[in-house]
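This is what each chain is made of:
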Amino acid sequence: MSQEHYGRIVLLRHGETAWSISGQHTGRTNIPLTFTGEDQARDAGERLRSRFPEGFPPDHIFVSPLERAQSTAQLAGFTNYQVTSQIAEWDYGPAEGRTRSMMAQALGVPSWNVWDTGPLDLPEDLQGEHNEMLPDGTMVHVVNGRGESAEDAARRTSGLLDTIEPILLGGEDVLCVAHAHILRLLTSVWLGQPADFARHLELDTAHFAILGFHNDEHVIEAWNL
């Protein structure tokens, strides 16, 4: 089959949340979209329908089990889909709900980022559980567990890519609605790059990317649209 008949993977990040505004790491905490995030999700649906007028069959739409991703899919107009934990967000462990500056202060270092000192390298005394109130009064339960490495998170996505690739080779498109870090890690796997490559990618709230083929090679066709 010629490459122009291959399908594409469309990656849609969820809309804005209170923690995407504050910069708090949002892995497994079930946090809702803000009103702006809801509007962003609707707008993303319109942009996707303009770009992909034939849409996506429900069995070709894969969504994270987390509330913010499912709300985004639904508000974007994709109400029937497959839920898969393979694209649940990276489990940040002790960094969950904390900003980079909060982590640096807790560790007593000038700066910190999750790529250089990942969840598995963080001290156990940062683990625990607590409830936190969002600016709109919503209470969320935050679990600071052990977390997972970037490599482990990337391996989760490879299972979904194994499922998706026959669909693409059959000439049909796939939509994945999830989270910034896990979609960036999935992209690294798609390109055959180490997990750390994902640090060089940026995917804004309610923006999407397109992965595909060029001369039978896996490529990024478009990014952060």
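Below is a summary of the structure that appears in this document. For every chain, the first residue of its written sequence is number 1, and the numbers climb from 1 along that sequence. Local features in this predicted model are restricted to residues of pLDDT 70 or higher, and side-chain atom pairs are both shown and tallied only at a pLDDT of 80 or more, whereas totals for entire chains, interfaces and linings draw on every residue. As a rule here, side-chain values cover all heavy atoms of the structure and leave hydrogens and water aside.

**Remarks on the environment of Ile 210**
The test is simple: Each helix corresponds to a stretch of at least 4 residues labelled H or I by DSSP, and each strand to a stretch of at least 2 residues labelled E; elements are numbered beginning at the N terminus. Relative accessible area decides the class of each residue, using a 1.4 Å probe on protein chains only: under 20% of the type maximum gives buried, over 50% gives exposed, and in between gives partly exposed.
Within the fold, Ile 210 resides in strand E7 (residues 208–214). Given the relative accessible area of 1%, Ile 210 is considered buried. Along the backbone, Ile 210 and Leu 12 are 198 residues apart, and their C-alpha atoms lie at a distance of 9.0 Å.

**Examining the packing of helix H5 (residues 150–169) against helix H6 (residues 180–190)**
Just so we agree on the cut-off: Every angle, taken between N-to-C directions, lies between 0 and 180 degrees, and every axis is a line fitted to C-alpha atoms, over only the stretch in contact when it is a helix. Definitions for this section: a left-handed crossing has its near helix turned counterclockwise from the far helix by less than a right angle. A right-handed crossing has that turn clockwise. Contacts between residues were defined by any pair of non-hydrogen atoms, one from each residue, lying within 4.5 Å. In this classification, Asp, Glu, Lys and Arg are treated as charged, Ala, Val, Leu, Ile, Met, Phe, Trp, Tyr, Cys and Pro as nonpolar, and every other residue, Gly included, as polar.
Relative to each other, H5 and H6 sit at 65 degrees, their axes nearing to 8 Å. When the axes of H5 and H6 are compared, the crossing they make is right-handed. Together, Ala 150, Ala 153, Ala 154, Arg 156, Thr 157, Ser 158, Leu 161, Glu 165 and Leu 168 of H5 and Ile 182, Leu 185, Leu 186, Val 189 and Trp 190 of H6 make up the contact between the two elements. Tallied by class, the residues present in the contact of H5 with H6 amount to 10 nonpolar, two polar and two charged.

**Concerning the sheet that holds strand E6 (residues 174–178)**
In a beta sheet, neighbouring strands are held together by backbone hydrogen bonds and run either parallel or antiparallel to one another. Applicable threshold: Strand pairing is assigned whenever DSSP detects at least two bridges linking the two strands.
One open sheet holds the six strands; their spatial order is E3-E2-E6-E1-E7-E8, and the pairing between them is mixed. One side of each edge strand has no neighbouring strand; the edge strands of this open sheet are strand E3 (82–83) and strand E8 (217–222). Bridging between strand E1 (residues 9–13) and E6 involves five bridges; their strand directions are parallel. The partner of Ile 9 across the bridge, within E6, is Val 174. Against the sheet, helix H3 (residues 67–75) contacts E1, strand E2 (61–63), E3 and E6, and its axis sits at roughly 135 degrees relative to E6.

**Focus: the layout of surface pockets**
For clarity, the cut-off: Cavities and pockets are defined on a 1 Å grid built over the protein atoms alone: a cavity is a set of grid points where a 1.4 Å probe fits but cannot escape, while a pocket is an open set with protein on both sides within 12 Å along at least five of seven lines, and lining residues are those with an atom within 4 Å of any such point. Grid points are joined across faces, edges and corners, and a volume is the space filled by probe spheres set on the points.
The calculated volume of the largest pocket comes to roughly 530 Å³. Along the wall of the largest pocket there are 25 residues; nearest its centre are Arg 13, His 25, Tyr 92, His 181 and Arg 184. Going through the elements one at a time, helix H1 (18–22) and H6 are the ones with two or more residues in the lining of the largest pocket. With three residues, H6 is the largest single contributor of residues to the lining of the largest pocket. Grouping the amino acids of the lining of the largest pocket by side-chain chemistry returns seven nonpolar, 10 polar and eight charged. Taken as a whole, the second largest pocket encloses approximately 190 Å³ of empty space. Around the second largest pocket sit Arg 8, Arg 51, Phe 52, Pro 53, Glu 54, Gly 55, Pro 57, His 60, Glu 172 and Asp 173, which together line it.

**A short note on the pattern of salt bridges**
The cut-off we apply is this: The rule for a salt bridge is simple: a side-chain nitrogen of Lys or Arg has to be within 4 Å of a carboxyl oxygen of Asp or Glu.
This structure, assessed with the given rule, holds eight salt bridges. For Asp 152, the salt bridge is made with Arg 155, and the minimal N-O distance between the two is 2.4 Å. Here Asp 152 pairs with Arg 155, and both are found in helix H5, just three residues apart, close to one helical turn.

**Description of H3**
Taken together, the buried positions of H3 are Arg 68, Ala 69, Gln 70, Thr 72 and Ala 73. Just downstream of H3 lies Gly 77, where phi reads positive at about 100 degrees.

**Thoughts on the pairing of E7**
It is a general feature of regular strands that their side chains alternate between the two faces of the sheet. Summarising burial for E7: six of the seven residues are buried, a large majority. Bridging between E1 and E7 involves four bridges; their strand directions are antiparallel. For Leu 11, the partnering residue across the bridge sits in E7 and is Ala 209. Connecting the antiparallel pair E7 and E8 is a turn made up of two residues, with Asn 215 showing a positive phi of about 50 degrees.

**Observations concerning the packing of aromatic side chains**
Between two aromatic rings, the relevant description is the distance of the centres plus the angle of the planes. Heads up, the condition is: Any pair of Phe, Tyr and Trp rings, taking the six-membered ring for Trp, is counted once the centres come within 6.5 Å. Such a pair is stacked with planes under 30 degrees apart, edge-to-face with planes over 60 apart, and tilted for the rest.
Following the criterion strictly, the structure yields six aromatic pairs and no others. Ring geometry for Phe 56 against Phe 78: centres 5.9 Å apart, planes inclined by 70 degrees, an arrangement best described as edge-to-face. Separated by 22 residues along the polypeptide, Phe 56 in the loop between helix H2 (35–51) and E2 and Phe 78 in the loop between H3 and E3 bring together distant segments of the chain. Here Phe 56 and Phe 78 have matching classes, each one buried. Summarising the aromatic geometry, the rings of Trp 90 and Trp 115 are spaced 5.2 Å apart at their centres and angled 50 degrees between planes, so their arrangement reads as tilted. With Trp 90 in the loop between E3 and helix H4 (100–107) and Trp 115 in the loop between H4 and strand E4 (128–133), this residue pair connects regions lying 25 residues apart in the sequence. Taken together through their ring pairs, the aromatic side chains of Tyr 6, Trp 190 and Phe 213 make up a single cluster.

Note that all results are geometric; they support no functional claim without further evidence.
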